[in-house]
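The primary structure of each chain is shown beneath.
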Amino acid sequence: MFEFLVKRIATIVPTLLLVSMLIFGLQQLLPGDPAKILAGEEQDPTVVAFLRAKLHLDEPLPVRYGYWVSGVVRGDLGESIRTQQPVLELIVQKLPVTIELALLAMSIALLIGIPAGIVSAVGRGTAWDYAANMFALWGLSTPNFWLGILMILLFSVELGWLPASGYVSPFEDLGANLAAMIMPAFVLGNAIAAVLMRHTRSAMLQVLSSDYVRTARAKGLNERTVVLKHALRNALTPIITLGALELGTLLSGAVLTEQVFTIPGFGKLIVDSVFNRDYAVVQGVVMVTATAYITLNLLADLAYFLVNPRLRN
Amino acid sequence: MSVAISLPPSRVLAPEAGPWQRAWRRLRRRRGALVGLAVVVIFIALALFAPWIAPADPIATSWGAIRQAPSTAHWFGTDELGRDVLSRVIWGTRASMLAGVVSVSISLLLGVPIGLAAGFLGGVVDSVISRVTDAFLACPFLILAIALAAFLGPSLTNAMIAIGVSATPIFVRLTRAQVINVAVEDYIEAARAVGNSPLRIAIRHVLPNITAPVIVQATLAIAAAVIAEASLSFLGLGQQPPAPSWGSMLNTAKNYVDQAPWMAIWPGLSIFFLVLAFNLLGDGLRDALDPRQR
């Protein structure tokens, strides 16, 4: 167990290092002199000179990378050109909002996706299976920002039940917070529910045709116990791993969802900084996102390890 | 070693049908895939013949006809500048189709050779390529595309490059895995034994045998690329105004949802149907081309 843990954690170090190189390399894509671009419209020579010194632009590329990555390791992701705030501080401010949205969306996705997958596998070839597959196709093909606009149209404009935008902190007013978050969470969870449904369906189909399920049925257990205790438990392992890969979809989708519902989270931060040409913030956000994604996948692997006793020895 | 050659039963039954013909026959039996194919063909026609099909100029503004509801004059209504929404939706097909096809072509042109090199050469080359692929995959697809588009500058071309590059690692991984599976087959060993060069083996013997899964993945990737282009345009990082694209139309429509909901309905429905069509076609192709899944 310990050995596996150490080995698995060791594999993320080179990945993170390469991710940091990739993100640092983005700066090279800027057309022209970065200092001039970052200095904004006026291109005040003193500002340009200041930025050049601050970003070590006169040094060779590997040296600049060295400065940048040593900062990143210490938690220094640079400063926002606009607000002069440390990038990490900006991210930490916005992160809880996105985490709440992501958790709500994942809960909705699990609540819809797994039961739908089970029903569809158990009733293979029936109307239920057909309906669940239709739902999955719909979920995979609907752009979530469009679904968001449609939901605003229905629930905010036509029915007036839910606010179209306006984030409220859960510590201020939990009811208002949930009212503002339920639509975005559904929009974000919808596509993931579709993917989870498909994974659950194929994992369940495989398990349901296995010998131990036949044995469980043969010894007279009722179908409910067979499906939920014997089959689902074993089907869960691939669902966890494949589901964890959807965390990337979750983070990507949050960018669009936050934009539609004007939620002041992580995704809105990256979009706003793209338009403010605040490149340090963009780099910081991508770095944090990638780190989060790698860590979450690591946790999923560990969960996989825990639910699958065969791997433990 | 036995000299007698026994033909597999399928070849005895249908001696004239090649694997592609058999796949087409299987595809034809899938209604969903055929509907998908038909819808894709319709959208291709819309994109190609937009100038002749669209009833009005997609960028001609008309201050006298701002945000008019759908009518016989404007079937899909007009937008905030009085432009005909139907014409913009038809012209917008071009941006989406182009983005889907061009960005996936970029992914294929980069990903397949790199994956082939990794799987076929192995060793250090494989390790380096695999680690870099992991790093790319660690950045969520759309976030990487947003970052790339941000640094390259907002335009449809840059959005297509950003999407194509972001989707490349999927093809590297797929190709590499397929190559490793195929490389141990007897016919590769035979090709090597007769003295073919590694490059020739890779191109003439390995590549044709990994085409099926790559085609399936490419079809599904087009669906993802169409959504990604719409997403980037929605955020203002794709097609720039006034040129029409479904994503940027939705971006504007969002601000008028209470006064002019038709502005949001049609571009969104178009994205939905095009993506659905590619997904149906991709699923059908997978069933038709991958005998293991049957």
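Conventions adopted
Residues numbered from 1 in each chain as written. Chains lettered and ligands numbered in written order. Predicted model: local features only at pLDDT ≥ 70, side-chain atom pairs only at ≥ 80, totals over all residues. Heavy atoms only, no water. Helix = DSSP H or I, 4+ residues; strand = E, 2+ residues; numbered from the N terminus. Buried < 20%, exposed > 50% of the residue type's maximum accessible area, 1.4 Å probe, protein only. Axes fitted to C-alpha atoms, helices over the stretch in contact; angles between N-to-C directions. Parallel < 35°, antiparallel > 145°, perpendicular 65-115°, else oblique. Contact = heavy atoms within 4.5 Å. Nonpolar A, V, L, I, M, F, W, Y, C, P; charged D, E, K, R; others polar. Buried area = accessible area lost by both parts, 1.4 Å probe. Salt bridge = Lys/Arg side-chain N within 4 Å of Asp/Glu carboxyl O. Polar contact = N/O pair within 3.5 Å; in protein donor to acceptor, adjacent residues only side chain to side chain. Core = buried A, V, L, I, M, F, W, Y, C linked by side-chain atoms within 4.5 Å. Expected span 1.5 Å × (residues − 1). Phe/Tyr/Trp six-rings, centres within 6.5 Å; stacked < 30°, edge-to-face > 60°.

**Observations regarding the overall build of chain B**
Right, on to step 1. Of regular secondary structure, chain B possesses 12 helices and 0 strands.
Right, on to step 2. Its helices and strands in sequence order give chain B the pattern α-α-α-α-α-α-α-α-α-α-α-α, from N to C terminus.
Right, on to step 3. Its C-alpha atoms give chain B principal-axis dimensions of about 85 × 45 × 30 Å.
Right, on to step 4. Here chain B holds 294 residues, and the buried ones make up 50% of them.

**Some thoughts on the packing of helix H10 (residues 223–245) of chain A against helix H11 (residues 247–260) of chain A**
Residue and element names in this part refer to chain A.
Right, on to step 1. Closest axis-to-axis distance for the H10/H11 pair is 4 Å, and the angle between their directions is 30°. With respect to H11, the axis of H10 lies roughly parallel. Where H10 abuts H11, its residues Gly243, Ala244 and Leu245 lie against Leu247, Gly248 and Thr249.
Right, on to step 2. Residue composition of the contact of H10 with H11, grouped by class: 3 nonpolar, 3 polar and no charged.

**Regarding the interface of chain B and chain A**
Right, on to step 1. Taken together, the 43 residues of chain B in the interface contact 43 residues of chain A.
Right, on to step 2. The junction of chain B with chain A conceals about 3,700 Å² of combined surface from both sides, 84% of it contributed by carbon and sulfur atoms.
Right, on to step 3. Ranking the residues of chain B by area buried against chain A places Ile143, Phe151 and Leu235 of chain B at the top, with a combined share of 20%.
Right, on to step 4. Our count for the chain B to chain A interface comes out at 1 salt bridge.
Right, on to step 5. Of the charged contacts in the structure, one is a salt bridge between Arg198 of chain A and Asp283 of chain B, with a shortest N-O distance of 2.7 Å.
Right, on to step 6. Taken together, chain B and chain A are joined by 4 residue pairs in polar contact (both at pLDDT 80 or more).
Right, on to step 7. When contributions to the side of chain B that touches chain A are tallied by element, the ones reaching two or more residues are helix H6 (123–138), helix H7 (141–152), helix H10 (198–234) and helix H12 (262–289) of chain B.
Right, on to step 8. Broken down by element, the residue count for the side of chain B that touches chain A peaks at 12 residues, all from H12 of chain B.
Right, on to step 9. Among the residues forming the side of chain B that touches chain A, the class breakdown is 33 nonpolar, 4 polar and 6 charged.

**So, the nonpolar core**
Right, on to step 1. If you look at the biggest cluster of nonpolar residues, it comprises 149 residues, and the most contacted ones within it are Val19 and Ile270 of chain A together with Ile146 of chain B.
Right, on to step 2. Beyond its immediate chain neighbours, meaning those up to four positions away, Val19 of chain A contacts Met287, Ala290 and Ile294 of chain A together with Ala135, Ala138 and Cys139 of chain B.

**Quick look at helix H5 (residues 85–121) of chain B**
Right, on to step 1. The terminal C-alpha atoms of H5 of chain B, which comprises 37 residues, lie 53 Å apart, in line with the 54 Å expected from a rise of 1.5 Å per residue.
Right, on to step 2. Within two residues after H5 of chain B, Gly122 of chain B carries a phi angle of roughly 65°, on the positive side.

**Describing the packing of aromatic side chains**
Right, on to step 1. Inspection of the entire model under this criterion finds 10 aromatic pairs over all chains.
Right, on to step 2. Between Phe155 of chain A and Trp161 of chain A, the aromatic rings sit 6.1 Å apart at their centres with planes inclined by 40°, giving tilted as the arrangement.
Right, on to step 3. Taking the relative accessible area as the measure of exposure, Phe155 of chain A reaches 21% and is therefore partly exposed.
Right, on to step 4. The class for Trp161 of chain A is exposed, based on a relative accessible area of 60%.
Right, on to step 5. On the numbers, 5.8 Å between centres and 65° between planes, the contact of Phe43 of chain B with Trp246 of chain B is edge-to-face. With Phe43 of chain B in helix H3 (residues 31–48) and Trp246 of chain B in helix H11 (residues 246–253), this residue pair connects regions lying 203 residues apart in the sequence.

**Regarding the side chain of Arg201 of chain A**
Right, on to step 1. Position of Arg201 of chain A relative to the elements: it lies in helix H8 (residues 174–208).
Right, on to step 2. If near-sequence neighbours (up to four positions away) are discounted, Arg201 of chain A is found in contact with Gly117, Ser120, Ala121, Arg124, Asp129 and Asn133 of chain A.

**Overview of the environment of Ile53 of chain B**
Residues and elements named next belong to chain B.
Right, on to step 1. Among the structural elements, Ile53 can be located in helix H4 (residues 50–53).
Right, on to step 2. With a relative accessible area of 40%, Ile53 lands in the partly exposed category.
Right, on to step 3. Spatially, the C-alpha atom of Ile53 lies 41 Å from that of Phe136, the residues being 83 residues apart in sequence.
Right, on to step 4. For Ile53, the contacting residues outside a window of four places in its chain are Ala45, Leu46 and Ile90.

**Thoughts on unusual backbone geometry**
Right, on to step 1. Here the amide bond leading from Pro241 of chain B into Pro242 of chain B is cis, since omega sits at 5°, within 30 degrees of zero.
Right, on to step 2. Tracing the sequence through the fold places Pro242 of chain B in the loop between H10 and H11.
Right, on to step 3. Positive phi is not limited to glycine here, since Gln84 of chain A has a value of about 65°.
Right, on to step 4. Tracing the backbone through its elements, the reader meets Gln84 of chain A in the loop between helix H4 (61–73) and helix H5 (87–122).

**A word on the pattern of salt bridges**
Right, on to step 1. For the structure shown, the criterion picks out 11 salt bridges over all chains.
Right, on to step 2. Here Asp134 of chain B makes a salt bridge to Arg131 of chain B, at a shortest N to O gap of 3.2 Å. Placement of the pair is Asp134 of chain B and Arg131 of chain B together in helix H6, with a separation of 3 residues, close to one helical turn.
Right, on to step 3. Take Asp134 of chain B: its relative accessible area is 19%, and that puts it in the buried class.
Right, on to step 4. The partner of Glu189 of chain B in a salt bridge is Arg192 of chain B, and the shortest N-O contact between them spans 4.0 Å. Pair noted here: Glu189 of chain B and Arg192 of chain B are both in helix H9 (residues 186–193), with a separation of 3 residues, about one helical turn.
Right, on to step 5. Taking relative accessible area as the criterion, Glu189 of chain B reaches 47% and is therefore assigned partly exposed.
Right, on to step 6. Judged by its relative accessible area of 41%, Arg192 of chain B falls in the partly exposed class.
Right, on to step 7. The network of salt bridges with shared partners includes Arg198 of chain A together with Asp283 and Arg286 of chain B.

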